[in-house]
Amino acid sequence: MSAGGGRRFEPAGPIRGTYRPPADKSISHRAALFGAMSDVPVTVHNYLDSADTGSTLDALLEIGAGITRDGDDLLVRGVGLHAALEATGGRLDVGNSGTLLRLLPGWLAGQPGGEWTLDGDESIRRRPVDRVVEPLALMGAGVAAREGRYPPLTVRGAELHGIEYPAPVASAQVKSCVLIAGMLADGTTTLTETRQSRDHTERILQRSRVPLERDGLTVTVTQVDELELDEITVPGDPSSAAFIVAAACLVPGSRVVIGDVGLNWTRTGFLRIAQRMGAVILGDLEEPGTVSSEEPVGELDVAHGPLEGTEVGPDEVPTSIDELTLVALLGAFAEGDTTVRGAAELRHKESDRIAGVVDGLRGIGADIAETADGFSVRGNGARLEGGTLDARGDHRLAMLGAVAGLASRKGVQVVGMEAAAISYPAFEQDLAALLPG
Ligand code: S3P
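Each chain has its residues counted from 1, running along the sequence as written. Reporting in this predicted model follows two pLDDT cut-offs: at least 70 for local features of residues, and 80 or more for side-chain atom pairs to be given and counted; totals over whole chains, interfaces and linings ignore these cut-offs and use all residues. Calculation of side-chain values draws on the structure's entire complement of heavy atoms; hydrogens and water are dropped beforehand.

Focus: the overall build of the protein
No. 1: Here a helix means four or more residues in a row that DSSP labels H or I, a strand means two or more in a row labelled E, and each is numbered from the N terminus. In terms of regular secondary structure, the protein is built from 12 helices and 23 strands.
No. 2: A globule of 437 residues ought to have a C-alpha radius of gyration of about 22 Å, and the protein, at 21 Å, matches this closely.
No. 3: Judged by the C-alpha coordinates and their principal axes, the protein covers about 60 × 45 × 40 Å.
No. 4: Burial status follows relative accessibility: with a 1.4 Å probe on protein chains alone, a residue under 20% of its type maximum counts as buried, one over 50% as exposed, and anything between as partly exposed. Expressed as a percentage of the 437 residues in the protein, the buried residues total 59%.
No. 5: Long-range pairs, those at least 24 residues apart, make up 75% of the contacts in the protein between residues at least 6 apart in sequence. Atoms counted for the radius of gyration: C-alpha only. Globule rule: 2.2 Å times residue count to the power 0.38. Contacts between residues were defined by any pair of non-hydrogen atoms, one from each residue, lying within 4.5 Å.

Have a look at this one:
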């Protein structure tokens, strides 16, 4: 590592062995939040230890929940759904977490008399919140954002009423915010998505015995007084595992068996896309369309092999949203063209991930072009040359750069590798453990 110059990842491999990914970030956020909304203590097994999920614990402590850690377990002593939450009038720091920024307001909005302002780091201040301002205002909350669109976001709680809301973007964060507020709103609250996004909130609502109905892309929740939840086990994160999957696909001679990974079908779009590209990925992926209150967990067996280009359209985007930059990387090593369309949402992530992946991969030798809502990359089956890739403060771009370095011909210098700690603090150690001694 050279000061200010980043972290270098030399060509290395094969990547071999068994691997267990860190706990799921999405489910960890929800487990802690639902624990805080519960009247009885909730034990969360395998809570993710990362910067983002730490921000959620800090915010929940601020508003009055009790939280104790015991190894990988968390004991959350909640305050109940309709609590008099603390820190009213104050500022809640969401750090870099878009999920906390969008989910917590759903609960705060239903607390009459309370007022909180959510704010975070420089990146969070560029993340749109109008997508939650609109439905919460329709439900009766007082919500205000900078320029109507960006944090700081102020939420003034109110007696909420149920709405029927056609969500303009396929976003699990928006859906979750509305469903959480819906538990506090009189009558029923219905949200219709344009495409199915991850359904962890629906599954945890069902496990909490909250009346919930799903009809295709429409979800309806009914007002409740309390949650009935006592224990949650968080599976391994398929989005974190995806970096190891990609490394195993790209580095010759690799074979990795991944255990305890979440295989919820609303999260495994990347695995199906990679399989279509020819990647050798074996595992019992949950059947697309499954409606369940459980989070399926299983094993994946991944090996290196030749890849070919593919087309990814809007229907596949929500189930692969956090892994689409890895589709670009696989495409750069594949034979032929790989195109991703309908993914304009990538511009609103921790960084503009379309610009970040296109500039980043081009800088290390890829033939890649940006479009308004995606990218297209042309591969000829050869390894990328290497060079420098700027993570732009984005954890997923940092880890992408590391994987690209291992698979490249000359290595990749990743500027801003420390961003990986947002979701995956042990990424470098886990990767090193799979490399030859
Ligand atoms: C998340 C939903 C997705 C995803 C993010 C986590 C969640 O965002 O990109 O990393 O936990 O609900 P959107 O809901 O904005 O698509």
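Quick notes on the site of the ligand
No. 1: Throughout, the term near means that a residue has one or more heavy atoms lying within 4 Å of the molecule or strand in question. The immediate surroundings of the ligand are formed by Ser26, Arg30, Thr99, Ser171, Ala172, Gln173, Arg198, Ile321, Asp322 and Lys349.
No. 2: Residue Gln173 places a main-chain N or O atom 2.9 Å away from an oxygen atom belonging to the ligand.
No. 3: Definition of a polar contact: a pair of N or O atoms within 3.5 Å, with one able to donate and the other able to accept a hydrogen when the atoms are protein atoms, and with sequence-neighbouring residues admitted only if both atoms are side-chain atoms. Here Lys349 contributes a side-chain N or O atom positioned 2.7 Å from an oxygen atom of the ligand.
No. 4: In short, Shrake-Rupley with a 1.4 Å probe defines the accessible areas, and a residue's cover is counted only from the protein chains shown. Here the ligand loses 95% of its free accessible area of 380 Å² to cover by the protein chains.
No. 5: Taken together, the elements giving at least two residues each to the shell around the ligand come down to helix 1 (25-37) and helix 5 (172-184).
No. 6: Basically, the charged four are Asp, Glu, Lys and Arg, the nonpolar ten are Ala, Val, Leu, Ile, Met, Phe, Trp, Tyr, Cys and Pro, and anything else, Gly included, counts as polar. Residue composition of the shell around the ligand, by class: two nonpolar, four polar and four charged.
No. 7: Boundaries of every domain are those given by an automatic assignment or by a domain database. Shared between two domains, the shell around the ligand holds at least three residues of each, these being domain 1 (2-23 + 235-432) and domain 2 (25-233).

A look at the nonpolar core
No. 1: The biggest cluster of nonpolar side chains holds 72 residues, and the ones touching the most others in it are Leu329, Leu361 and Phe427.
No. 2: For this core, the leading source of residues is helix 7 (residues 238-250), giving 10 residues.
No. 3: Dropping the residues within four chain positions of it, Phe427 is found in contact with Phe243, Ile244, Met399, Ala402, Val403 and Met417.
No. 4: Here the nonpolar core consists of buried residues drawn from Ala, Val, Leu, Ile, Met, Phe, Trp, Tyr and Cys, with membership extended through side-chain atoms lying within 4.5 Å. Counting 70 residues, the second largest nonpolar core, distinct from the first, contains Leu92, Leu108, Leu118 and Met183.

Examining the sheet that holds strand 14 (residues 231-233)
No. 1: Taken in spatial order, the four strands of this open sheet run 4-5-3-14, and their pairing is mixed. Strands with a single pairing partner mark the edges of an open sheet, and in this sheet they are strand 4 (66-70) and strand 14. Here the strands of the sheet are splayed against their neighbours by 15° on average, with no regard to which way each runs.
No. 2: Helix axes are fitted to C-alpha atoms over the stretch in contact, other axes to C-alpha atoms as well, and angles between N-to-C directions run from 0 to 180 degrees. On the sheet, helix 1 packs against strand 3 (42-45), strand 5 (73-77) and strand 14 and is oriented at approximately 30° with respect to strand 5. For two strands to be treated as a pair, DSSP must find at least two bridges joining them.

A closer look at the packing of helix 7 against helix 9 (residues 324-333)
No. 1: Relative to each other, helix 7 and helix 9 sit at 5°, their axes nearing to 11 Å. When the interaxial angle is binned, helix 7 and helix 9 end up roughly parallel. Counted together, Ala242, Phe243, Ala246, Cys249 and Leu250 of helix 7 and Leu326, Leu329, Leu330 and Phe333 of helix 9 form the full contact between these two elements.
No. 2: Its residues placed into classes, the contact of helix 7 with helix 9 shows nine nonpolar, no polar and no charged. Geometric relationships in this document are graded by angle, where less than 35 degrees denotes roughly parallel, more than 145 denotes roughly antiparallel, 65 to 115 denotes roughly perpendicular, and other angles denote oblique.

Considering the pattern of salt bridges
No. 1: Between Lys or Arg on one side and Asp or Glu on the other, a salt bridge is scored when a side-chain nitrogen of the former is within 4 Å of a carboxyl oxygen of the latter. Scanning all chains against the criterion turns up 32 salt bridges.
No. 2: Between Lys25 and Asp52 there is a salt bridge whose closest N-O contact spans 3.1 Å. Taken together, the residues Lys25 in helix 1 and Asp52 in helix 2 (residues 51-62) connect sequence positions 27 residues apart.
No. 3: For Asp52, a relative accessible area of 2% corresponds to the buried category.
No. 4: Ionic pairing is found between Asp301 and Arg255, a salt bridge with its closest N-O pair at 2.5 Å. Taken together, the residues span a long stretch of sequence, with Asp301 in strand 17 (residues 297-303) and Arg255 in strand 15 (residues 255-262) at a distance of 46 residues.
No. 5: Through salt bridges with shared partners, one network takes in Arg127, Arg198, Asp322, Glu350, Arg353, Asp394 and Arg396.

Comments concerning the sheet that holds strand 23 (residues 412-415)
Note: strands within a sheet are paired through backbone hydrogen bonds, in either parallel or antiparallel orientation.
No. 1: Overall, mixed pairing links the three strands, which are arranged 1-23-22 in an open sheet. Every other strand in the sheet has two partners, leaving strand 1 (7-9) and strand 22 (387-390) as the edge strands with one partner each. Here the average twist between neighbouring strands, direction ignored, is 25°.
No. 2: Sheet analysis places strand 1 next to strand 23, joined by three bridges and oriented antiparallel. Residue pairing across strands places Phe9 opposite Val412, the latter belonging to strand 23.
No. 3: Strands strand 1, strand 22 and strand 23 of the sheet are contacted by helix 11 (residues 395-407), whose axis makes an angle of about 170° with strand 23.

A short note on the domain arrangement of the protein
No. 1: Domain parsing of the protein yields domain 1 (2-23 + 235-432) and domain 2 (25-233).
No. 2: The gap between the C-alpha centroids of domain 1 and domain 2 is 28 Å.
No. 3: Contacts between the two partners involve 33 residues from domain 1, matched on the other side by 31 residues from domain 2.
No. 4: When two parts are brought into contact, each loses some accessible area as probed by a 1.4 Å sphere; the total of that loss over both is the buried area. Around 2700 Å² of area is buried between domain 1 and domain 2 when both sides are counted, 48% of it from carbon and sulfur atoms.

Considerations on the packing of aromatic side chains
No. 1: To pair, rings of Phe, Tyr and Trp, with the six-membered ring standing in for Trp, must have centres within 6.5 Å; the planes then decide the type, stacked if under 30 degrees apart, edge-to-face if over 60, and tilted in the middle. Scanning all chains against the criterion turns up two aromatic pairs.
No. 2: Both rings, one in Phe243 and one in Phe427, keep their centres 6.2 Å apart while their planes meet at 75°; by these two values the pair is edge-to-face. Within this pair, whereas Phe243 is found in helix 7, its partner Phe427 is found in helix 12 (residues 427-434), the two being separated by 184 residues in sequence. By the burial criterion, Phe243 is buried, and Phe427 matches it.
No. 3: Pairing Tyr424 with Phe427 gives two aromatic rings, centres 5.4 Å apart and planes at 75°, and the pair type is edge-to-face.
No. 4: Members of the aromatic cluster, each reached through a chain of ring pairs, are Phe243, Tyr424 and Phe427.
No. 5: Geometrically, a charge over a ring is one whose NZ (Lys) or CZ (Arg) sits within 6 Å of the ring centre while staying within 35 degrees of the ring normal. Directly above the ring of Phe9 sits Arg7, whose terminal nitrogen or CZ lies 5.1 Å from the centroid.

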